Amino acid sequence: MNKSIVKLAKIAEKRDRLIIGLMSGTSLDGLDIALCRISGSGTESTLSLIHFTTMPYEDLFRQQIRKIFAKRQIDHQILCGLNAYVAEVHSQLILETLKDWNIDPTQIDVIASHGQTVFHAPQSLTGDVSLPNSTLQIGDGDHFAVRTGIITISDFRQKHLAAGGEGAPLAAYGDYLLFSSEEEHRILLNIGGISNFTFLPRVGTNLKAYATDLGPGNTMMNQYMFAHYGEEMDKDAAVAASGRVSSELLSRLKSHPFLKIDFPKTTGPELFNLDYLNACLESVSITEQLYEADVMATLNSFSAQTIVEGIKRAIAGLEKTKIYVSGGGLHNPMLMEQLVAAFPGAVASFQELGLDPDAKEACLFAVLANETLCGDPKNVINIKDSPAVCMGKISLPY
Ligand SMILES: Nc1ncnc2c1ncn2[C@@H]1O[C@H](COP(=O)(O)OP(=O)(O)OP(=O)(O)O)[C@@H](O)[C@H]1O
Ligand SMILES: CC(=O)N[C@H]1[C@@H]2OC[C@@H](O2)[C@@H](O)[C@@H]1O[C@H](C)C(=O)O
């Protein structure tokens, strides 16, 4: 038998596994690397985060991804090259990080790689029913396996699509297994490039868990900052806080039909981007003079209100629900102030659940890989509108 297959079977039978979870999201800020020890599977899974870091992308690498990211017209030679190159860069970042942590790659059981989303195209967004729901994450798993010598599970979203989903959000699976509570309903809100949440009903009720995207998180603010200030983000909301919210622009932005669609739904920067902002700006009356800081203040409020109104819709009529926040948006004070004000006493950092809020999504992919190795699709049968599947493709080093 191929010795990698023997090794794989042994890993699947272990009491606990050392899994590197990787996430590089829509913000293109860097690669999140979470070293997790996971024992058991299904609702018996326990995860402990041993190490976490975000390895920032170099400007040149980010620029290359931007050439094809969320664009309908691209140079296919770059797409093709980046499929290998993203995996090469990520593998190198893993090897450097393991060295920093003083851990030999042979100690790691599995890498769980999300890859870099370059385009997200469910029919609900494209309107084109001649093609199935689709999404594309690049950074091929075989390159990881060969470069690091570590068995790699990657490309998780394709099974979700094949089984009838939109390929996202996948957070519901890990959230449901690890964070369901017998005491309270929970909203696990992640504010990355796109904001999304998982609703976890209190165990024992007849409500079902689900996950949904809400709309923009940081993506429009980041894009505007890059275009107008040459900065990757509005650090600590310094620019937004110096501006004035334009109620006219805000109401134009909030009129997007996606925001009215029922949950669960998915979206991406293919929809919420500077083209959309510019279209809204064009229809703002000429009497209103907007400075760049005003636009940033308005984009900040747009993200905050999208999140607040979405959550209000999800929890209407329910007994008290606690909201746990993860993702980079947690570090944006103006955004968080608006959330806290809308749900007094109900908003907490994900840290309260014992996990670093910045590491949460990378850990999620480690949990998904763990389920692929030793779980059972029946473990996730109770998640609304999400196919009960184990996800990811297995790449062997030899
Ligand atoms: N100090 C800060 N002030 C303001 N914004 C911040 C700060 N720190 C992080 N952010 C925002 O968080 C973003 C990174 O968030 P995160 O890493 O959760 O996104 P992601 O994983 O790329 O997105 P997605 O959830 O869409 O996959 C940054 O690009 C920035 O916009
Ligand atoms: C297609 C894609 O990459 N979607 C991401 C993105 O980033 C946030 C939001 O949009 C979410 O739908 C998803 O990621 C998380 C990890 C998810 O699948 O749950």
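Note that the coordinates shown come from a computational prediction; the quantities given were computed from them, not determined experimentally.

1. As for the site of ligand 1
Consideration 1: Surrounding ligand 1, one finds 22 residues, the nearest of these being T26, S27, N222, D236 and G328.
Consideration 2: Between ligand 1 and I194, the relevant distance is 3.3 Å, taken from an oxygen atom to a main-chain nitrogen or oxygen of the residue.
Consideration 3: Note that an oxygen atom of ligand 1 is positioned 3.3 Å from one of the side-chain N or O atoms of N218.
Consideration 4: Burial of ligand 1 by the protein amounts to 89% of the accessible area it has alone, namely 650 Å².

2. Re the domain arrangement of the protein
Consideration 1: Domain annotation for the protein reports domain 1 (3-169 + 359-395) and domain 2 (171-353).
Consideration 2: Facing the 36 residues of domain 1 at the interface are 35 residues of domain 2.
Consideration 3: Between domain 1 and domain 2, a total of about 3,000 Å² is buried, with carbon and sulfur atoms accounting for 63% of that surface.
Consideration 4: Interface area lost by domain 1 to domain 2 is led by P169, K360 and K384, which between them contribute 25%.
Consideration 5: Remark: the boundary between domain 1 and domain 2 carries 3 salt bridges.
Consideration 6: Our enumeration of links across domain 1 and domain 2 arrives at 11 residue pairs in polar contact (both at pLDDT 80 or more).

3. Brief notes about the site of ligand 2
Consideration 1: Surrounding ligand 2, one finds 15 residues, the nearest of these being T117, R157, L170, A171 and D213.
Consideration 2: T117 is positioned such that a nitrogen or oxygen atom in its side chain is 2.6 Å from an oxygen atom of ligand 2.
Consideration 3: Burial of ligand 2 by the protein amounts to 97% of the accessible area it has alone, namely 430 Å².
Consideration 4: Elements represented by at least two residues in the shell around ligand 2 include exactly β4 (110-121), β5 (134-138), β8 (194-200) and α14 (360-374).
Consideration 5: It is β4 that provides the largest number of residues to the shell around ligand 2, a total of 3 residues.

4. Focus: the layout of surface pockets
Consideration 1: Size it by volume and the second largest pocket reaches roughly 840 Å³.
Consideration 2: Contributing to the lining of the second largest pocket are 28 residues, with A70, K71, P269, E270 and N273 lying nearest its centre.
Consideration 3: Those elements giving two or more residues to the lining of the second largest pocket turn out to be β4, α4 (123-126), α8 (219-229) and α11 (274-282).
Consideration 4: Considering every element that reaches the lining of the second largest pocket, the biggest residue donor is α8, with 4 residues.
Consideration 5: Residues that form the lining of the second largest pocket fall into these classes: 12 nonpolar, 9 polar and 7 charged.
Consideration 6: When residues are assigned to domains, the lining of the second largest pocket turns out to be shared by domain 1 (3-169 + 359-395) and domain 2 (171-353), each giving three or more.

5. Considering the environment of L396
Consideration 1: By the secondary structure assignment, L396 is in the segment after β12 (393-395).
Consideration 2: Distance from L396 to A145, taken between C-alpha atoms, is 5.8 Å for residues 251 residues apart in sequence.
Consideration 3: Those residues within four positions of L396 in sequence are excluded, and the remaining contacts are N2, S4, I5, A145 and I151.

6. Considering the confidence of the model for the protein
Consideration 1: Looking at the protein, pLDDT values average 97 and 100% of them are 70 or higher.
Consideration 2: For this predicted complex, the interface confidence reaches an ipTM of 0.97, while the overall pTM sits at 0.97.

7. Examining helix α12 (residues 292-315)
Three or four residues apart is the spacing at which side chains of an α-helix point the same way, because the helix has 3.6 residues per turn.
Consideration 1: Taking 1.5 Å as the rise per residue, α12 with 24 residues should run 34 Å; its terminal C-alpha atoms sit 35 Å apart, in good agreement.
Consideration 2: Counted residue by residue, α12 has 19 buried out of 24 residues, so it is predominantly covered.
Consideration 3: One or two positions beyond α12, positive phi appears at G317, with a value near 85°.

8. A word on helix α13 (residues 333-342)
Consideration 1: What α13 keeps buried is the set M334, L335, M336 and L339.
Consideration 2: Summarising the contacts, the buried residues of α13 are in contact with β7 (185-191), α8, α9 (238-241), α12, β10 (321-326) and β11 (347-349).

9. Details of the sheet that holds β10
Consideration 1: Strand order in this open sheet of 5 strands is β9-β8-β7-β10-β11, and the pairing throughout is mixed. Edge positions in the sheet fall to β9 (210-216) and β11, since each of these pairs with one other strand and no more. Neighbour to neighbour, the strand axes of the sheet diverge by 25° on average, direction disregarded.
Consideration 2: Here β10 pairs with β11 via 3 bridges, running parallel. Within β11, the residue paired with I323 across the bridge is V347.
Consideration 3: Sheet contacts for α12: β7, β8, β9 and β10; angle to β9, the most-contacted strand, approximately 150°.

10. Let's talk about the packing of aromatic side chains
Consideration 1: Under the defined criterion, the tally for this structure stands at 11 aromatic pairs.
Consideration 2: For the ring pair F197 and F263, a centre distance of 5.5 Å and an interplane angle of 85° mean the geometry is edge-to-face. Here F197, found in strand β8, pairs with F263, found in the loop between α10 (247-253) and α11; they are 66 residues apart in sequence, far enough to count as distant.
Consideration 3: On the basis of relative accessibility, which here comes to 0%, the residue F197 falls in the buried class.
Consideration 4: With relative accessibility at 14%, the residue F263 sits in the buried group.
Consideration 5: Ring plane angle 25° and centroid distance 6.4 Å describe the contact between Y210 and F263, whose orientation is recorded as stacked. Of the two residues, Y210 sits in strand β9 while F263 sits in the loop between α10 and α11, which places them 53 residues apart along the sequence.
Consideration 6: Judged by relative accessible area, Y210 falls into the buried class, the value being 9%.
Consideration 7: Of the aromatic side chains, those joined through ring pairs into one cluster are F197, F199, Y210 and F263.
Consideration 8: Positioned above the aromatic ring of Y398 is the side chain of K3, whose terminal nitrogen or guanidinium carbon lies 5.1 Å from the ring centre.

Parameters and conventions
Residues numbered from 1 in each chain as written. Chains lettered and ligands numbered in written order. Predicted model: local features only at pLDDT ≥ 70, side-chain atom pairs only at ≥ 80, totals over all residues. Heavy atoms only, no water. Near = heavy atom within 4 Å. Polar contact = N/O pair within 3.5 Å; in protein donor to acceptor, adjacent residues only side chain to side chain. Areas by Shrake-Rupley, 256 points an atom, 1.4 Å probe, with all protein chains shown as cover. Domains from an automatic or database assignment. Contact = heavy atoms within 4.5 Å. Buried area = accessible area lost by both parts, 1.4 Å probe. Salt bridge = Lys/Arg side-chain N within 4 Å of Asp/Glu carboxyl O. Helix = DSSP H or I, 4+ residues; strand = E, 2+ residues; numbered from the N terminus. 1 Å grid on protein atoms, 1.4 Å probe; cavity = no way out; pocket = protein on both sides within 12 Å on 5 of 7 lines; lining within 4 Å. Points joined across faces, edges and corners; volume = space filled by probe spheres on them. Nonpolar A, V, L, I, M, F, W, Y, C, P; charged D, E, K, R; others polar. pLDDT = per-residue confidence, 0-100. Expected span 1.5 Å × (residues − 1). Buried < 20%, exposed > 50% of the residue type's maximum accessible area, 1.4 Å probe, protein only. Pairing = 2+ DSSP bridges. Axes fitted to C-alpha atoms, helices over the stretch in contact; angles between N-to-C directions. Phe/Tyr/Trp six-rings, centres within 6.5 Å; stacked < 30°, edge-to-face > 60°. Lys NZ or Arg CZ within 6 Å of the ring centre and 35° of its normal.

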